[in-house]
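Here are the chains, one letter per residue:
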Amino acid sequence: MDNSYNNIAGRDTGRLIAISDAVFGVAMTLLVLEIKVPEVKGTDKELMMAFLGLLPKFMVYFLSFMTAGIFWMGQSAQFDHIRKSDRNLSWITLLFLLFVAVLPFTTAFLGDYLDHKFALGLYWFNIFLLGLILYINWSYAERKGLVSDTDKQIGTAIKRRIVTAQTLYLLGALLGLINPYWGIGVIIIIQLNYAFAVISNK
């Protein structure tokens, strides 16, 4: 039996799940902290107008909370079938969490520069990296025999869902080149579908 460090490190999937839940929890909490309470010294009407001015930020907050929730569920679905880990899978998971942790920044950046195409492009790139690493995570686990299920249809469904979602997100981002609000609206619709299966996606 090879007891070298590379073969004994990072084998506990329970710790990967625990740190993932913690990072997602912190990131999802930080999202709302980017919405600052306006300082208004005036009438109720002025306060109401200041609040209405925050609606675009609330839209971006909702967008990002949905994003985080969908990727949390996607990762959870994978670890329902990944029974063993190794050092490389642990680092792939940590890399995935790196881009989860940066989501509050790209969200704040988009919220502050909502009319700029670059801000939407940066946000989409964050989503793209999350999807890419999640795909790599499953592919590696499958290739290394870390998946407990022998049913290939499970792996096919997981990878197809990621590819389909990323393709749709790309279409939303491209639409954002015409109008950032259109792009965000389309991405939100895509997320609502993936969250609640309004249109079945196998």
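Asks: Looking at this structure, I do not really get helix α6 (residues 103-112). What am I missing?
Replies: One turn of an α-helix holds 3.6 residues; hence residues three or four places apart share an orientation. Burial of α6 is extensive: 7 of the 10 residues sit out of reach of the surface. Considered for burial, the residues of α6 that qualify are Leu 103, Pro 104, Thr 106, Thr 107, Ala 108, Leu 110 and Gly 111.

Asks: It is not clear to me how the nonpolar core should be interpreted in this structure. Could you clarify?
Replies: Side chains of nonpolar character tend, in soluble globular proteins, to be buried together. One finds Phe 24, Ile 82, Phe 96, Leu 110 and Tyr 169 to be the most contacted residues of the largest nonpolar core, which totals 44 residues. With 12 residues, helix α7 (residues 117-143) is the single largest residue contributor to this core. Setting aside chain neighbours within four positions, we find Ile 82 in contact with Thr 13, Leu 89, Asn 137, Trp 138, Ala 141, Leu 146 and Val 147.

Asks: Explain the pattern of salt bridges to me, please; I cannot follow it from the model alone.
Replies: Note that side chains of opposite charge can pair when their charged atoms are close. Inspection of the entire model under this criterion finds 2 salt bridges. Among the ionic pairs, Lys 57 bridges to Asp 112, the shortest N-O distance being 2.5 Å. With Lys 57 in helix α4 (residues 55-79) and Asp 112 in helix α6, this residue pair connects regions lying 55 residues apart in the sequence. One salt bridge in this structure joins Glu 142 and Lys 159, with 3.3 Å as the shortest N-O distance. Residue Glu 142 is found in helix α7, and its partner Lys 159 is found in helix α8 (residues 152-176); the two are separated by 17 residues along the sequence. Here Lys 159 falls in the partly exposed class, since its relative accessible area comes to 23%.

Asks: Got a minute to help me understand the side chain of Thr 67 in this structure?
Replies: Within the secondary structure, Thr 67 is located in helix α4. The class of Thr 67 is buried, set by a relative accessible area of 0%.

Asks: In this structure, what is going on with the confidence of the model for the protein chain? I would like to understand it.
Replies: One rule of thumb: low pLDDT means the predicted coordinates there are not for detailed reading. Considering every residue of the protein chain, the mean pLDDT works out to 88; 90% of them sit at 70 or more. For the protein chain, helix α1 (residues 5-8) is the element with the lowest average pLDDT, namely 57, and helix α5 (residues 87-101) is the one with the highest, namely 95.

Asks: It is not clear to me how α4 should be interpreted in this structure. Could you clarify?
Replies: Helix length check: α4 (25 residues) gives 36 Å between terminal C-alpha atoms against 36 Å at 1.5 Å per residue, within 8%. Listed in full, the buried residues belonging to α4 are Val 60, Leu 63, Ser 64, Met 66, Thr 67, Ala 68, Gly 69, Ile 70, Phe 71, Gln 75, Gln 78 and Phe 79. Packing partners of the buried residues in α4 comprise α2 (13-33), α5, α6, α7, α8 and α9 (180-196).

Asks: Would you explain the environment of Thr 43 in this entry?
Replies: Inspection of the secondary structure assignment puts Thr 43 in the loop between α2 and α3 (44-52). Overall, Thr 43 belongs to the partly exposed group, its relative accessible area being 45%. Sequence separation between Thr 43 and Ala 119 is 76 residues, and the spatial gap between their C-alpha atoms is 34 Å.

Asks: I'm lost on the packing of aromatic side chains in this one. Help?
Replies: Note on aromatic pairs: each is described by the distance of the centres and the angle between the planes. Summed over the entire model, instances satisfying the criterion amount to 10 aromatic pairs. For the pair Tyr 61 and Phe 65, a centre-to-centre distance of 5.9 Å together with 50 degrees between the ring planes defines the contact as tilted. With a gap of 4 residues between them, Tyr 61 and Phe 65 both fall in helix α4, about one helical turn apart. We classify Phe 65 as partly exposed; its relative accessible area is 35%. Through a chain of ring-to-ring contacts, three or more aromatic side chains come together here, namely Phe 105, Phe 109, Tyr 113 and Phe 118.

What counts and what doesn't
Residues numbered from 1 in each chain as written. Predicted model: local features only at pLDDT ≥ 70, side-chain atom pairs only at ≥ 80, totals over all residues. Heavy atoms only, no water. Buried < 20%, exposed > 50% of the residue type's maximum accessible area, 1.4 Å probe, protein only. Helix = DSSP H or I, 4+ residues; strand = E, 2+ residues; numbered from the N terminus. Core = buried A, V, L, I, M, F, W, Y, C linked by side-chain atoms within 4.5 Å. Contact = heavy atoms within 4.5 Å. Salt bridge = Lys/Arg side-chain N within 4 Å of Asp/Glu carboxyl O. pLDDT = per-residue confidence, 0-100. Expected span 1.5 Å × (residues − 1). Phe/Tyr/Trp six-rings, centres within 6.5 Å; stacked < 30°, edge-to-face > 60°.

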